[in-house]
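Architecture at a glance
This is what each chain is made of:
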Amino acid sequence: MKKKSVLFLCTGNSARSQMAEALLRSKAAEQFDVCSAGTQPEDIDARAIDAIQKFGVDASHLKSKNVQTFAGKEFDYVITLCDKANSECRSFPGAGKQLAWDFPDPKTRSGNHPFSSTLTELNNRLSMFLLVELKAFAAAVEATAEDEQALINVDPIAFYKCLTDDIRLKTLMLTHYHGELCVCELMQALDEDSQPKVSRNLALLKKANILSDRKHGQWVFYRINPALPLWVKSVIAQTTENNIALILPYLERLDNMKNRPDKVSFCR
């Protein structure tokens, strides 16, 4: 089946359109060729990249581009993400269908974690977009979803039960913040003397497929399972980022830990 093409537009191509491009690529790269551009392009905001990566989505391909880069090119969908871009590109030449979505600029948005909030709202809108617009691809999308569930096998009841325990919840928050931690680091952070107690909780998180581990020398390091569906990653990320005060004492204890185990990057 021929891929459909999408162009996301906003003024600076520094945050919202970059987020939308990364999310749609992650959700439906086999069905869509995705681009983004700005009417007055700026450098990509580092906070947008950080929010995308914390959401578990690849941001390495993102570049800021001028809309003129795509002059003369046809797109199945052109989607503007702010009123200014919609006014400047109200009728984009070569657009099969043009949609006008208006999301607040995270750079001027009030509230806690504006970039993560905007990313989550874009993710929800794109999920609706896929349901409505991809009738021709419905069978393929359904098959992909079934394959993902077979691979990931996350039971939502088991997942939310894991969050009801103090040690497990704080373990997930600390691991989300640091990227990976070993048992001894978690014991130090949580001021917990019982290694079996911490290990039991880590085993439960592994059994629920929420954490994955890797061995490096004598150490076993734990991280948020990269194969988790986005909704699970989003819950963990939002819980951590909106309740950072809850784990500040534990982060400070970990920072003061001496002789922390050496670790190597996941990317080898």
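Residues numbered from 1 in each chain as written. Predicted model: local features only at pLDDT ≥ 70, side-chain atom pairs only at ≥ 80, totals over all residues. Heavy atoms only, no water.

1. Points about the sheet that holds strand E3 (residues 75–80)
Adjacent strands of a sheet pair through backbone hydrogen bonds, lying either parallel or antiparallel. Spatially, the four strands line up as an open sheet ordered E2-E1-E3-E4, and their pairing is parallel. The two strands at the open ends of the sheet, each matched to only one other strand, are strand E2 (32–38) and strand E4 (95–100). Adjacent strand axes in the sheet meet at a mean angle of 20°, parallel and antiparallel pairs treated alike. Bridge count between E3 and E4: five bridges; the pairing is parallel. Counterpart to Ile79 in the pairing with E4 is Leu99. (Pairing = 2+ DSSP bridges. Helix = DSSP H or I, 4+ residues; strand = E, 2+ residues; numbered from the N terminus. Axes fitted to C-alpha atoms, helices over the stretch in contact; angles between N-to-C directions.)

2. Things to note about helix H7 (residues 166–178)
For H7, with 13 residues, the first-to-last C-alpha span of 18 Å sits near the 18 Å given by 1.5 Å per residue. N-cap assignment for H7: the residue whose side-chain oxygen lies 3.0 Å from the backbone N of Ile167 is Asp165. Looking one or two places after H7, you find Gly179, whose phi comes out positive at around 95°. (Expected span 1.5 Å × (residues − 1). Polar contact = N/O pair within 3.5 Å; in protein donor to acceptor, adjacent residues only side chain to side chain.)

3. Examining the pairing of strand E1 (residues 4–10)
Within a regular strand, the side chains alternate between the two sheet faces. Along E1, six of the seven residues are buried, which leaves the element largely enclosed by surrounding structure. Bridge count between E1 and E2: seven bridges; the pairing is parallel. Note that in E2 the partner of Phe8 across the bridge is Ser36. For the handedness criterion, the β-α-β arrangement of E1, helix H1 (residues 16–28) and E2 is classed as right-handed. (Buried < 20%, exposed > 50% of the residue type's maximum accessible area, 1.4 Å probe, protein only. Right-handed = clockwise from strand over helix to strand, strands pointing away.)

4. Examining the packing of aromatic side chains
For any two aromatic rings, the description comes down to two numbers: the centre-to-centre distance and the angle of the planes. Considering all chains together, one arrives at 10 aromatic pairs under this definition. Ring centres 5.6 Å apart and planes at 90° place the aromatic pair Phe159 and Trp231 in the edge-to-face group. In this pair, Phe159 sits in helix H6 (residues 156–162) while Trp231 sits in helix H10 (residues 230–241), placing the two residues 72 residues apart along the sequence. Taken together, the ring pairs connect Phe32, Tyr77, Trp101, Phe103 and Phe129 into an aromatic cluster. In this structure, Lys73 packs its charged tip against the face of Phe75, placed 5.5 Å from the ring centre. Residue placement shows Arg125 over the ring face of Trp101; its charged tip is 5.2 Å from the ring centre. (Phe/Tyr/Trp six-rings, centres within 6.5 Å; stacked < 30°, edge-to-face > 60°. Lys NZ or Arg CZ within 6 Å of the ring centre and 35° of its normal.)

5. Side note on the sheet that holds strand E6 (residues 211–216)
Taking strand neighbours across the sheet as the criterion, the three strands line up as E5-E7-E6 in an open arrangement whose pairing is antiparallel. Each edge of the sheet is formed by a strand with only one pairing partner; in this case those strands are strand E5 (181–182) and E6. Taken together, the six bridges between E6 and strand E7 (residues 219–224) define a ladder with antiparallel strand orientation. The partner of His216 across the bridge, within E7, is Trp219.

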